[in-house]
Amino acid sequence: MTVTVSAITATGDGANVRLFVVLSDGEHRDTRELLVLASRFASLGVVKGEIDEATFSRLEKEAELCLAVRRGVSALLYGPCSERQLAYKLRHKGITEAMARAAVRTLVQMGYIDEASDTVRLAERGVAKQWGQRRIAAELLQKGYREAYVKAAVNALDEEQILGNCEALIASRYGTAIDNPCDRKKAFSALVRLGYSASQIQEAYARFKQENI
């Protein structure tokens, strides 16, 4: 069988390279269209003309990677993902485990995934939702972010803002009704579920009481 690259063109956005490959055994002729990443194409050393079957197999693998990367980019349009979470999503879309891992590595190299920066942004979003550090950390870990990045992002949060959020929740949800021991217990449990520590809740409650004497 002979394998010939008949045409090589760049896609409109320049992100990929499209190759048309003709396979012929003398009696039958089949044309394949393969899309590979532009950032990896030069290293393949492929030009128009006849190539061996090993090179064609490599091109097919590169086309698989390109498809996985494109699906990864599409998934990231909906919001940031950890490397582990994105690999799971790719496998769910029918990408093999090995190719999903390769696609994630490529996306990291291309700058589409930056767990260190993403955890900081997501932790700040958690603060905006009036979550405490524990809830924020739990959510990030559940999404598959590395523990070291999660710890760094949570430790960088403004403690005064966290306490202010806790006090605001006490004021808006419970008000002076929190003076009732039963209501105070319910409030405490609810705030713990939102990720606030016992000491933070006590401090926020003390501030609330002082401001509402």
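Residues numbered from 1 in each chain as written. Predicted model: local features only at pLDDT ≥ 70, side-chain atom pairs only at ≥ 80, totals over all residues. Heavy atoms only, no water.

Caption draft 1: The arrangement of helix H7 (residues 147-155) in detail. Those residues of H7 that fall on the buried side of the exposure criterion are Val 150, Ala 153 and Val 154. Down the axis of H7, the buried side of the element spans an arc of 95°, and every buried residue falls inside it. Exposed side of H7, more than 90 degrees from the buried face: Ala 148, Lys 151 and Asn 155 are the residues found there. On the buried face of H7, the contacting elements are helix H5 (115-128) and helix H6 (133-142). (Buried < 20%, exposed > 50% of the residue type's maximum accessible area, 1.4 Å probe, protein only. Helix = DSSP H or I, 4+ residues; strand = E, 2+ residues; numbered from the N terminus. Arc of directions from axis to C-beta. Contact = heavy atoms within 4.5 Å.)

Caption draft 2: Quick look at the packing of H5 against H7. Packing of H5 against H7 brings their axes to within 9 Å, and their N-to-C directions diverge by 40°. In terms of their interaxial angle, H5 and H7 are classed as oblique. The crossing of H5 and H7 is right-handed. Judged by residue contacts, Glu 115, Ala 116, Thr 119, Val 120 and Ala 123 of H5 engage Tyr 149, Val 150 and Ala 153 from H7. (Axes fitted to C-alpha atoms, helices over the stretch in contact; angles between N-to-C directions. Parallel < 35°, antiparallel > 145°, perpendicular 65-115°, else oblique. Left-handed = near helix turned anticlockwise from the far one by under 90°.)

Caption draft 3: Geometry of the environment of Arg 40. With respect to the element layout, Arg 40 can be found in helix H1 (residues 38-44). Arg 40 sits in the partly exposed class, given a relative accessible area of 29%. In the structure, Arg 40 is positioned 23 residues away from Val 17 in sequence and 9.4 Å away in space, judged by C-alpha atoms. Setting aside residues no more than four positions away along its own chain, Arg 40 makes contact with Glu 62 and Leu 65.

Caption draft 4: The arrangement of the packing of aromatic side chains in detail. In the structure shown here, the tally under the stated rule is 0 aromatic pairs. The ring of Trp 131 is capped by Arg 135, whose NZ or CZ atom sits 4.3 Å from the centre of that ring. (Phe/Tyr/Trp six-rings, centres within 6.5 Å; stacked < 30°, edge-to-face > 60°. Lys NZ or Arg CZ within 6 Å of the ring centre and 35° of its normal.)

Caption draft 5: Representation of the pattern of salt bridges. Throughout the structure, instances matching the rule amount to 11 salt bridges. The closest approach of N and O atoms between Glu 62 and Arg 40, which form a salt bridge, is 2.8 Å. With Glu 62 in helix H2 (residues 53-76) and Arg 40 in helix H1, the pair connects residues that are 22 residues apart, well separated along the chain. Taking the relative accessible area as the measure of exposure, Glu 62 reaches 7% and is therefore buried. Glu 83 is paired through a salt bridge with Arg 146; the nearest N and O atoms lie 3.2 Å apart. Note that Glu 83 is positioned in helix H3 (residues 83-92) and Arg 146 in the loop between H6 and H7, a separation of 63 residues in sequence. Exposure remark for Glu 83: the relative accessible area of 22% places this residue in the partly exposed category. (Salt bridge = Lys/Arg side-chain N within 4 Å of Asp/Glu carboxyl O.)

Caption draft 6: Inspection of a positive patch on the surface at higher detail. A contiguous patch of positive charge on the surface is contributed by Arg 70, Arg 71, Lys 89, Lys 93, Arg 125, Lys 129 and Lys 143. Position of Lys 93 relative to the elements: it lies in the loop between H3 and helix H4 (97-109). (Patch = residues over 30% accessible without salt bridge, like charges linked within 9 Å, V, L, I, M, F, W, Y side chains within 5 Å. Areas by Shrake-Rupley, 256 points an atom, 1.4 Å probe, with all protein chains shown as cover. Lys, Arg positive; Asp, Glu negative; His and termini not counted. Charge placed at Lys NZ, Arg CZ, Asp CG, Glu CD.)

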